[in-house]
Amino acid sequence: MSNAVVQVKNLTHHYGDRLIFENLNFQINRGSIFGLLGKNGTGKTTTINILNGFLEPTSGQCLVFDEDSHKLSPQTKSRVGFLIEGHIQYSFMNIKQIEKYYSGFYPNWKKEAYWELLKKLQVTETQKISKMSCGQRSQIALGLLLAQNPDLLILDDFSMGLDAGYRRLFLDYLSDYIQAEGKTVFITSHIIQDLEELLDDCVILDYKTVLMTMPIKKFMDEFKHFRCILDNPPPVIQKDDIIKNVEILKNKTSFFTFAEESVLLNHLEKLGLKHHGVQQVKMSLEDAFIGLTGKY
Amino acid sequence: MIKSLIYKEWLKVRWTLIALGMLNLLVVVSTCVSIANAFGLIDASKLYGDIVALQNLFYYDLLYIPFLTGLLLGIVQFYPEINSSRIKLTLHLPMKESKALMTMQLFGIGSMFLIFAVDVIILLWFSSKYFPSEIINGMFISILPWLLAGFVIYIFITIIFVDTSWSRRAIIGLTGLAFVNNYYLSTMYGGTTYSYSESWFYFVIMIIIISPLILWSGNNYKRGVK
C-alpha cells in the first residue's frame, strides 16, 4: 500500500487567461502535517478546491488515497475531513442539531470528541451557530472534524478571523489529536507564526509560481538571512540562484539565501557589491516566509 | 444518510414551509368563503352558466400562489447553500453528489406536493357541496397547470442556485420563465378544460425531464466551470 495520502502531479491552473500556478508537485505522506503557504491570491484555496474535487485543474493530476480528486468515492470522502475557509457551517442549526445531522453520515462518529471540545465554550446546546462568534464557530467546526475522525484533515485557512487565543486553542486540540491518532493533515494559512511547531513539510507558493517544497526543518536550517551595509548600493539588486530575495532598508541590505555565508559573500564580490558589517539574522518561520516571498 | 439530509432541509425551511402552508390555506379558505357567499346571493343555475358559458372560475385568487410558493421555497432552501459556498459541505458528504442534490430537490418537491394536495382537497371537497362533478372536474383541470407551475419555478430556482456562472444562470432563468409561461397560457374555465385536459400529462412529463438538470448544474459547480 502506498504511503502517499495526497499526490499532486504537475498541477497547473488558470482562471480564464490568468495563470494561478504552474507545475505544482508535492506528496503528503501518511501521518505527516503538510502546510501550503502563500500570500493571499497565490492559489492556496484553488489547490484545496482541486483537492476536494470542487474544481477541475487546467492540467495535471491530484490523487487522494489513490483516487482522482475529482471522482472521489463516498468511502474515500468519509476518510477526508474538510474545514472550509472561515469555518463555514450551517448557521441555521444549533449545536445539538448539527452534531445530530453529521452523525448520520459517519458510522464511526465520536460524539464525545465533539462535546468535550464544546464544554470549553460558554454556550448552550440550543444556541444557534449564527449567534456565535467566529472563534466559537471555529470550535464547532473543529469539534465536528474530530468527531468524524477522518484519516486526512484538510484545513483551509483555519486562522481566518480568529484571535490569538482561539488560534492557540484550535492548534492545541489539533496537535493533540494528530499525535494521538497518527492522522495526516493538509493545512493552509496566511498566518505563518502558528505553524512553526506544527508542520513537517511545506510548499510555499508565490504568484504564478512554486517557490519551494521541502521539510520545514530543512527550510529553517538552510534558509538564511544576512544583513550588511553596502558601500555603494545600486538602485536595484536582481534576484538569482543564490540571492533568493533582497530588501534594502535605509543603509542596511538584507539578503535571503539558501547558500552558505562564504558563497553569498563571494557572489556579492562578483557582482561588484562592496560590503561590510555582515551578520546573520535569526529567523522565525514567519520571517523566513516573508524573506522568501517578499513583503509585497 | 438520506434521513439526515432531509433533517437538515427541514431545519432550514420549516418556518418558510409553515408560512407558505398558511398562505395557501388562507387563499383556499378565502376562495371557499367566496363560493359560499356567491351561492348565498346568486341563483346556482346563473353561477353554473357563468362558469360554463363565460368561462368564469372561482379560484383566481390561487392563480400565482403556487408560483410564489415554489419561488420562495427554492430561494430559502438553496440560497443558504450557495452563500459562503456551503454547498461544498453537502457535496463533501460521503454519498454520491447526485443523490445528495436530488434528495434536496425531492424534499422541496415533496413539501410543495403536500401543501398543494391540501389546497386541492379542501377546494374540491368544499366545491363539491355546490357544483356538479363535471364542473369540479373542469375546475381541477383548470387549476392543475397553476400548481404545476409552482413545481417548475422551484426546479428552475434550484438549478440556477447550484450553477456557478451568472451568464448560464440568466439563460436558465429566462428559459424557466418561458417554461412557466406555458402553464399560464389559459386561465379560464372552459378554455382551460379544452386546452389543458389533454396537455396536463405533458406538463408533468416536462417537470420530470427538467428536474434532473440540477445534476448538470451540480457538475458545473464541481468542475468550477464559469
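Residues numbered from 1 in each chain as written. Chains lettered and ligands numbered in written order. Predicted model: local features only at pLDDT ≥ 70, side-chain atom pairs only at ≥ 80, totals over all residues.

Engineer: Give a detailed account of the overall build of chain A, specifying residues and quantitative values.
Structural biologist: Counting its regular elements, chain A contains nine helices and 14 strands. Based on the C-alpha atoms only, the size of chain A along its principal axes is roughly 70 × 40 × 35 Å. For chain A, restricting intrachain contacts to residue pairs at least 6 apart in sequence, the fraction spanning at least 24 positions comes to 70%. (Helix = DSSP H or I, 4+ residues; strand = E, 2+ residues; numbered from the N terminus. Contact = placed C-beta atoms within 7 Å.)

Engineer: Describe the overall build of chain B, and please don't skip the residues or the numbers.
Structural biologist: Tallying secondary structure elements over chain B gives nine helices and zero strands in all. Dimensions of chain B, computed from the C-alpha atoms along their principal axes, are close to 65 × 30 × 25 Å. Looking at chain B residue by residue over its 226 residues, the buried ones come to 35%. Long-range pairs, those at least 24 residues apart, make up 86% of the contacts in chain B with a sequence separation of at least 6. (Buried ≥ 20, exposed ≤ 12 C-beta atoms within 10 Å, placed from the backbone.)

Engineer: Describe the sheet that holds strand β10 (residues 209-215) of chain A, with residues and values.
Structural biologist: All names here are of chain A. Judged by pairing direction, the sheet is mixed, and its six strands sit side by side in the order β6-β7-β8-β3-β9-β10 without closing on themselves. Among the strands making up the open sheet, the edge pair consists of β6 (80-83) and β10. Mean inter-strand twist for the sheet, computed between neighbouring axes without regard to direction, equals 10°. Two elements, strand β7 (residues 152-156) and strand β8 (residues 184-189), share five bridges in a ladder whose sense is parallel. Across the sheet, residue aspartate 156 finds its bridge partner in β8, namely threonine 188. Taken strand by strand, helix α1 (residues 44-51) contacts β3 (33-38), β7, β8 and β9 (201-206), and its axis lies near 145° from that of β7. Against the sheet, helix α9 (residues 285-293) engages β3, β9 and β10, with an angle of about 35° to β9. (Pairing = 2+ DSSP bridges. Axes fitted to C-alpha atoms, helices over the stretch in contact; angles between N-to-C directions.)

Engineer: Go over the interface of chain A and chain B with me, naming the residues and quoting the values.
Structural biologist: Each partner contributes residues to the interface: chain A has 21 residues there, and chain B has 21 residues. Contributing elements (two or more residues each) for the side of chain A that touches chain B: α2 (74-77) and α3 (95-103) of chain A. Counting residues per element, the side of chain A that touches chain B draws most heavily on α2 of chain A, at three residues. Each residue belonging to the side of chain A that touches chain B can be placed in one class, and the counts come to eleven nonpolar, eight polar and two charged. (Nonpolar A, V, L, I, M, F, W, Y, C, P; charged D, E, K, R; others polar.)

Engineer: Tell me about unusual backbone geometry, residues and numbers included.
Structural biologist: Residue and element names in this part refer to chain A. The backbone of asparagine 23 sits at a positive phi, close to 50°, despite the residue not being glycine. The topology assignment puts asparagine 23 in strand β2 (residues 18-29). For aspartate 157, which is not glycine, the phi torsion reads 50° and is therefore positive. As for its position among the elements, aspartate 157 is in the loop between β7 and α6 (164-181).

Engineer: Report on the domain arrangement of chain A, specifying residues and quantitative values.
Structural biologist: All names here are of chain A. Looking at chain A, the domain boundaries give domain 1 (4-214) and domain 2 (223-293). The gap between the C-alpha centroids of domain 1 and domain 2 is 35 Å. For the side of domain 1 that touches domain 2, the elements supplying multiple residues, two or more each, are β9 and β10. Residue composition of the side of domain 1 that touches domain 2, by class: six nonpolar, one polar and three charged. (Domains from an automatic or database assignment.)

Engineer: Account for the sheet that holds strand β11 (residues 224-230) of chain A, naming residues and giving values.
Structural biologist: Residue and element names in this part refer to chain A. A sheet is described by the order of its strands in space; here four strands give the open sequence β12-β13-β11-β14, paired in antiparallel fashion. Two strands in the sheet have a free side with no partner beyond their single neighbour: β12 (245-249) and β14 (275-281). Recorded for the sheet is a direction-independent mean angle of 20° between the axes of neighbouring strands. Note that β12 and strand β13 (residues 252-257) share five bridges and pair antiparallel. Looking across to β13, one finds that leucine 249 is bridged to lysine 252. Contacting β11, β13 and β14, helix α8 (residues 261-270) crosses the sheet at an angle of about 150° to β14.

Engineer: So what's going on with the packing of helix α4 (residues 111-118) of chain A against helix α5 (residues 134-148) of chain A? Residues and values would help.
Structural biologist: Residues and elements named next belong to chain A. Remark: α4 packs on α5, axes separated minimally by 7 Å, with the N-to-C direction vectors making an angle of 155°. When the axis of α4 is compared with that of α5, the two are roughly antiparallel. Remark: the crossing between α4 and α5 carries right-handed chirality. Taken together, the residues of α5 that come into contact with α4 (itself represented by Lys111, Ala113, Tyr114, Leu117 and Leu118) are Gln139, Leu142, Gly143, Leu144, Leu146 and Ala147. (Parallel < 35°, antiparallel > 145°, perpendicular 65-115°, else oblique. Left-handed = near helix turned anticlockwise from the far one by under 90°.)

Engineer: Mind laying out the pairing of strand β4 (residues 59-64) of chain A, listing which residues take part and the relevant values?
Structural biologist: Residue and element names in this part refer to chain A. Sheet analysis places strand β1 (residues 4-15) next to β4, joined by five bridges and oriented antiparallel. Note that in β4 the partner of valine 6 across the bridge is valine 64. Linking β4 back to strand β5 (residues 67-68) in an antiparallel pair, the connection comprises two residues, with phenylalanine 65 at a positive phi of about 50°.

Engineer: So what's going on with the nonpolar core? Which residues, and what values?
Structural biologist: All names here are of chain A. Counting residues in hydrophobic clusters, the biggest one holds 71 residues, and the most contacted among them are Leu83, Ile98, Leu144, Ile154, Phe186 and Cys202. Broken down by element, this core gets its largest block of residues, seven residues, from α5. Residue-level mapping places this core at the junction of two domains, with at least three residues from each of domain 1 (4-214) and domain 2 (223-293). If sequence neighbours within four positions are ignored, leucine 83 has contacts with Ala141, Leu145, Ile154, Leu155, Asp156 and Phe158. (Core = buried A, V, L, I, M, F, W, Y, C linked by C-beta atoms within 7 Å.)

Engineer: Requested: an account of the confidence of the model for chain B, with residues and values cited.
Structural biologist: The predicted model of chain B averages 87 in pLDDT, with 91% of residues at 70 or higher. Reported for the predicted complex are a pTM of 0.85 and an ipTM of 0.85. (pLDDT = per-residue confidence, 0-100.)

Engineer: Describe the packing of helix α3 (residues 65-82) of chain B against helix α6 (residues 133-162) of chain B, listing the residues and the values that go with them.
Structural biologist: Helix packing for two helices is described by the angle between their axes and how far apart those axes are. All names here are of chain B. Where α3 contacts α6, the two axes come as close as 7 Å, and the packing angle between them is 20°. In terms of orientation, α3 lies roughly parallel with respect to α6. Classified by chirality, the crossing of α6 by α3 is right-handed. Touching Pro66, Phe67, Thr69, Gly70, Leu71, Leu73, Gly74, Ile75, Phe78, Tyr79, Glu81 and Ile82 of α3 are Trp146, Leu147, Ala149, Gly150, Phe151, Ile153, Tyr154, Ile157, Thr158, Phe161 and Val162, all from α6. Counted by class, the contact of α3 with α6 contains 17 nonpolar, five polar and one charged residues.

Engineer: Residue-level account of the pairing of β1 of chain A, with values.
Structural biologist: Residue and element names in this part refer to chain A. Direction of pairing for β1 relative to β2: antiparallel, over a ladder of eight bridges. When the sheet's bridge partners are listed, histidine 13 is paired in β2 with phenylalanine 21. Taking the residues that link successive antiparallel strands as the turn, the β1-β2 hairpin has two residues, and the phi of glycine 16 there is positive, at about 65°.

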